[in-house]
Structures are given as structure tokens and as C-alpha cells.
Amino acid sequence: MFDLDIRSLAAELLDISRERSITVATVESCTGGLVIGALTAISGSSSMVLGGLVTYSNEAKTELAGVPAELIREHGAVSEPVARAMAEGGRERLSSRLAVAITGIAGPDGGNALKPVGLVHFACADGARTLHREKRFGAQGRDEIRRLSVLEALDLLREAALADD
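Because the structure is predicted, anything quoted here is derived from the model rather than measured.

Peer 1: So what's going on with the packing of aromatic side chains? Which residues, and what values?
Peer 2: Scanning the entire structure with this criterion turns up 1 aromatic pair. Here the aromatic rings of phenylalanine 122 and phenylalanine 137 are separated by 6.5 Å at their centres, their planes lie at 80°, and the arrangement is edge-to-face. One end of the pair, phenylalanine 122, is in strand β4 (residues 119-125); the other, phenylalanine 137, is in the loop between β5 (130-136) and α6 (142-163), and 15 residues separate them in sequence. Given a relative accessible area of 0%, phenylalanine 122 falls into the buried group.

Peer 1: I'd like to hear about the pattern of salt bridges, residue by residue, with values.
Peer 2: Going through the model one piece at a time under the given rule, you end up with 11 salt bridges. Between arginine 147 and aspartate 3 there is a salt bridge; the shortest N-O distance is 3.1 Å. Placement of the pair is arginine 147 in helix α6 and aspartate 3 in the segment before α1 (4-20), with a sequence separation of 144 residues. Exposure remark for aspartate 3: the relative accessible area of 28% places this residue in the partly exposed category. Across the pair arginine 147 and glutamate 144 runs a salt bridge, and its minimum N-O distance is 3.0 Å. Within this pair, arginine 147 and its partner glutamate 144 are both found in helix α6, separated by 3 residues, close to a single helical turn. Given a relative accessible area of 24%, arginine 147 falls into the partly exposed group.

Peer 1: Go over the pairing of strand β1 (residues 24-28) with me, naming the residues and quoting the values.
Peer 2: In terms of burial, β1 is a largely internal element, 5 of the 5 residues being buried. Of the two faces of β1, the one holding Val24, Thr26 and Glu28 and the one holding Ala25 and Val27 are both buried throughout. Where β1 lies against strand β2 (residues 49-54), 5 bridges are found, and the strand directions are parallel. Each bridged residue has a counterpart across the sheet, and for glutamate 28 the counterpart in β2 is valine 54. In terms of handedness, the path from β1 via helix α2 (residues 34-40) over to β2 forms a crossover that is right-handed. In this structure, β1 lies alongside strand β3 (residues 98-104), joined through 5 bridges in parallel fashion. Following the sheet pairing, valine 24 is matched in β3 by leucine 98.

Calculation criteria
- Residues numbered from 1 in each chain as written.
- Predicted model: local features only at pLDDT ≥ 70, side-chain atom pairs only at ≥ 80, totals over all residues.
- Heavy atoms only, no water.
- Phe/Tyr/Trp six-rings, centres within 6.5 Å; stacked < 30°, edge-to-face > 60°.
- Helix = DSSP H or I, 4+ residues; strand = E, 2+ residues; numbered from the N terminus.
- Buried < 20%, exposed > 50% of the residue type's maximum accessible area, 1.4 Å probe, protein only.
- Salt bridge = Lys/Arg side-chain N within 4 Å of Asp/Glu carboxyl O.
- Pairing = 2+ DSSP bridges.
- Right-handed = clockwise from strand over helix to strand, strands pointing away.

Pasting the structure below:
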């Protein structure tokens, strides 16, 4: 179901999480649950993976992840502040040590000059800090943007898990 790169990175993240007793959760928009799917495709993941929220609509971001509606109105759903709030809200609501959030424009529609197709914001919260990454994958096609987003989210979780002390 998932390609070798995704499966390998998910397995590596789960090994690190298991060794360090780190629980993880996801809050996903443009990936629609693919990150949590990649993690739970690995046998034994239930000991480290607490859950995932698919917050595709702005209302779901607010209701499920606790993102303030005014933050979405002010910055737009695809923005650094919203990605950070998604990660922080998901971590708190799922009681995980780490939570990753993804919000972006996978296309082929929905982009504009300021926020083009392929723009994706990632955030990972650990309670003490929230890491952020912005990627511009370009108009490579919806499936490829989503695949690259899954890889980026897993890599950000891995980085945060390795830094967690």
C-alpha cells in the first residue's frame, strides 16, 4: 500500500519511539490520514501511535484540534500559525508526547500566487517547542505532493523524536 521509502521511514520512527518511550499522534489535512495510515501499517505500532485526526475542513481544525477560528481567518488554513496550532492541539487532545500536523494545497486546484499548489506547512509539537517546516513541492500532481508530504511529516517526527530528551 505504501512505497518502500514511506514504510522504511515509518518503521525507523517507530523503532526510535519505542526505544525512547515516545508516543505519537497526527493531525492531517491535505494528506487525509495517510501519515497515520503509514504508521499503523507497521506491526506493533499500537504501542507508540495514539491516534490521528483528519481535519480536512476549517471547522474540523477548530472542533477536533482546537485551532482558533480567528487564527484561520487571519492567516488562512495553509499557514505556519495554523500548522503549529494543529500540532499543539492534537498533542494535547490525544495526550501524546509528539504530534505532527500537515496543512497544504495538494491541487490540482486551490492555489494562488501567494499560496500555490504544492505549498505545505508542517509542524511537530513536543510540549516544550513546536518545530515548523514549509515546503513548496510545485505542481507535481496531487498524488506526488501527498506522498512527499507523508515523507516530510515522518521525517519531522523522526527529527523531533531523536531530539527529545
